[in-house]
Amino acid sequence: MDKLIQANLYRSELIPVSGKLVERYNKCLVKLGFTKTKLKTFSIDGIGWSPEIADEKKDLHYLNNGDANPHGIIISPLQKGKPVYVPFHTFDRDIMKFVFKIHGNKINDITRDCAICLDFDQNIDAFYEPLDVLKYNNITISFHLINDLDKIKAQQLELVETFNRDNNFIDETIHQQLLESAKKHGDLRHRDLDLHELQFTTDSFYTKAFGGVYVLRDFIKPIVVFEDKKWHKEAIKDVSYDVLIYHIHQPELMDKLRDHVIIEYDLEAVVKTKRYERIKKFEMFQQLKKVQHPIKNILEDPLLYKSYLNKLDIEARKKVMSVERYLEKLETSNEFKIADIVDVKLFEALHQPHSSLEAKHQDLIWMLLVNISPKDVLYLYWYDKEAFYNSFKSWDDSFKEWVIERISNNI
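Rules used throughout
- Sequence order as written defines the numbering, with residues in each chain counted from 1.
- Confidence filtering applies because this is a predicted model: local features only for residues at pLDDT of at least 70, side-chain atom pairs given and counted only at 80 or more, and all residues used for totals across whole chains, interfaces and linings.
- Based on all heavy atoms of the structure, the side-chain values leave hydrogens and waters out of the count.
- The helix count covers DSSP runs of H or I at least four residues long, the strand count covers runs of E at least two residues long, and both are numbered beginning at the N terminus.
- Each residue is placed in one exposure class: buried if its accessible area under a 1.4 Å probe, protein chains only, is under 20% of its type's maximum, exposed if it is over 50%, and partly exposed if it falls in between.
- Two residues form a contact once any of their heavy atoms are found within 4.5 Å.
- The length a helix should cover is 1.5 Å for every residue beyond the first.
- When two rings of Phe, Tyr or Trp (its six-membered ring) have centres within 6.5 Å they constitute a pair, described as stacked for plane angles under 30 degrees, edge-to-face for angles over 60, and tilted for the intermediate range.
- Should the NZ of a Lys or the CZ of an Arg lie within 6 Å of a ring centre and within 35 degrees of the ring normal, that charge is described as sitting over the ring.
- A pair of strands is labelled paired if DSSP reports no fewer than 2 bridges between them.
- A residue counts toward a patch only above 30% relative accessible area and without a salt bridge, and it is joined to like-charged neighbours within 9 Å or, for Val, Leu, Ile, Met, Phe, Trp and Tyr, to nonpolar neighbours within 5 Å.
- Accessible surface area values rest on a Shrake-Rupley calculation with a 1.4 Å probe, where residue burial reflects the displayed protein chains alone.
- Salt bridge, as used here: a side-chain nitrogen of Lys or Arg that lies within 4 Å of a carboxyl oxygen of Asp or Glu.
- The sign given to each residue is positive for Lys and Arg and negative for Asp and Glu; His and the chain ends receive no count.
- In this description, the location of a charge corresponds to atom NZ of lysine, CZ of arginine, CG of aspartate or CD of glutamate.
- Each axis is a line fitted through C-alpha atoms, and for a helix only the stretch in contact is used; angles between axes span 0 to 180 degrees, taken between their N-to-C directions.

*Asks:* How should the side chain of Asp-343 be read in this particular structure?
*Replies:* Relative to the helices and strands, Asp-343 resides in the loop between helix H15 (338-341) and helix H16 (344-349). Overall, Asp-343 belongs to the buried group, its relative accessible area being 18%. In this structure Asp-343 touches Lys-319 and Ser-322, once residues within four positions along its chain are discounted.

*Asks:* I tried to follow helix H2 (residues 20-31) on my own but got confused; where do I start?
*Replies:* One turn of an α-helix holds 3.6 residues; hence residues three or four places apart share an orientation. Along its 12 residues, H2 runs 17 Å from first to last C-alpha, staying within 8% of the 16 Å computed at 1.5 Å per residue. Those residues of H2 that sit buried are Val-22, Arg-24, Tyr-25, Asn-26, Cys-28 and Leu-29. Buried residues along H2 sit in contact with strand E1 (15-17), strand E2 (42-44), helix H3 (51-57), strand E3 (71-74) and strand E4 (116-121). Looking one or two places after H2, you find Gly-33, whose phi comes out positive at around 95°.

*Asks:* Which parts of the structure should I look at to understand the packing of aromatic side chains?
*Replies:* Here the distance between the centres and the angle between the planes together describe a pair of aromatic rings. Inspection of every chain in the model, using the stated rule, returns 28 aromatic pairs. Relative to Tyr-389, the ring of Phe-388 has its centre 6.0 Å away and its plane inclined at 65°; by these criteria the two rings are edge-to-face. Among the residues examined, Phe-388 registers a relative accessible area of 0% and is labelled buried. If you follow Arg-275 out to its NZ or CZ, it ends over the ring of Tyr-379, 5.6 Å from the centre. Its guanidinium or amino end placed over the ring of Tyr-308, Lys-311 lies 4.7 Å from that ring's centre, counting from NZ or CZ.

*Asks:* I would appreciate a short explanation of the pairing of strand E6 (residues 198-201) in the present structure.
*Replies:* Regular strands place side chains that alternate from one sheet face to the opposite one. Burial along E6 is one-sided: the residues Leu-198 and Phe-200 are buried and none of Gln-199 and Thr-201 is. As paired elements, strand E5 (residues 138-145) and E6 share 4 bridges and run antiparallel to each other. Paired with Ile-139 across the bridge in E6 is Phe-200.

*Asks:* Help me out: how do you make sense of a negative patch on the surface in this one?
*Replies:* Judged by side-chain charge, Asp-266, Glu-268, Glu-328 and Glu-331 come together as a negatively charged surface patch. Looking at the secondary structure, you find Glu-268 in helix H9 (residues 267-270).

*Asks:* I keep staring at the sheet that holds E3 and nothing clicks. Help me out?
*Replies:* Strand-to-strand pairing in sheets goes through backbone hydrogen bonds, with the strands running parallel or antiparallel. Strand order across the open sheet formed by 4 strands is E3-E4-E5-E6, with antiparallel pairing between neighbours. Looking at strand neighbours, the two that pair on one side only are E3 and E6, the edges of this open sheet. Strand after strand, the sheet turns through a mean of 25° between neighbouring axes, direction not considered. Its contacts with the sheet put helix H4 (residues 92-110) on E3, E4, E5 and E6, and the angle it makes with E6 is roughly 165°.

Shown next, in the form of structure tokens:
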């Protein structure tokens with residue numbers, strides 16, 4: 001990952017946490033039912049997730065009480081607008097934008113001396129069956145302050161009311177109670193600590209529950225796509241819901257997505273794009289075995305590229321060039337079928353969300369497509385960074401440099 005870090009492409013917007021903020025963060029962890037971190041310094045993202053604490057706890061989703069009960073932590077107004085690096089759901093980023101849009105000013109004030117625990121309640125205590133993810137609908141976002149600062153404010157106001165009643169202003173006991181509370185917590189009377197609950201409505205989304213599930217329910221008929229074969233098999237036994245159920249690598253899935261006007265392709269148009277060049281060169285990289293030149297040079301130098309292309313065995317060469325071969329043959333006859341010439345995974349990689357889709361659905365469908373056939377390194381980085389990072393680790397160093405250049409040039 002060093003190459004990505006140097007290129008500022010690996011979790012570059014994390015917020016450093018130290019000193020009193022560590023203490024507040026730990027109080028949030030305890031309030032949410034987790035154990036404290038022993039780290040003295042760490043960093044957090046927009047929802048309060050820390051890669052260092054995840055490593056310490058050996059739990060990537062340590063802010064979850066089970067798949068059905070995710071949480072967040074706000075200890076700084078700097079979290080506003082920051083990325084959510086390891087979202088459990090694709091709508092996590094939107095939830096945090098919504099929270100700061102409604103309560104941003106109050107959060108600025110509260111986090112001066114307090115931290116906020118977030119509870120995302122979708123009225124599901126626990127998941128039992130894979131199609132339970134269809135119960136996601138309205139999510140209630142509730143807020144809890146460490147040290148119950150809002151309750152202490154209410155106590156201060158009660159004390160002030162008591163102080164002002166009758167002749168209580170001469171009662172030294174009330175004087176002392178007011179002074180002790182003010183010294184310990186400050187004068188809270190004029191602070192707005194009321195973070196009312198928020199309601200967030202989900203539509204189509206992806207969740208990491210049950211090994212990863214896409215729920216597409218804004219189209220002709222709801223479609224549920226599982227990444228895990230075990231949970232896919234369990235789901236198809238469930239007849240409680242009228243939905244279409246697929247595994248992400250079922251060939252029939254792409255047909256259904258096209259039929260439901262969710263995805264589309266245009267080979268003649270796509271071959272003229274930089275996206276096609278990236279996909280084709282990624283395919284070339286996968287076919288290269290023994291090389292005498294750096295991969296980056298092979299992919300960028302036309303002479304070297306042609307040289308190595310011609311050194312591939314005939315089947316590998318046909319695979320890399322299958323789209324061009326199909327289009328050439330199509331010029332002489334329309335009897336040729338895509339499936340007979342174009343490699344199936346390459347063909348899948350050249351699809352895109354249908355142009356009629358609403359903008360809010362575009363990112364989710366791109367994420368689904370890049371996971372069906374992860375051949376576009378740029379789009380994989382954009383739409384599923386975790387999958388990208390996992391793949392990046394196994395790539396040739398020279399190819400890593402080529403990938404970093406593609407991403408850096410498109411930011």
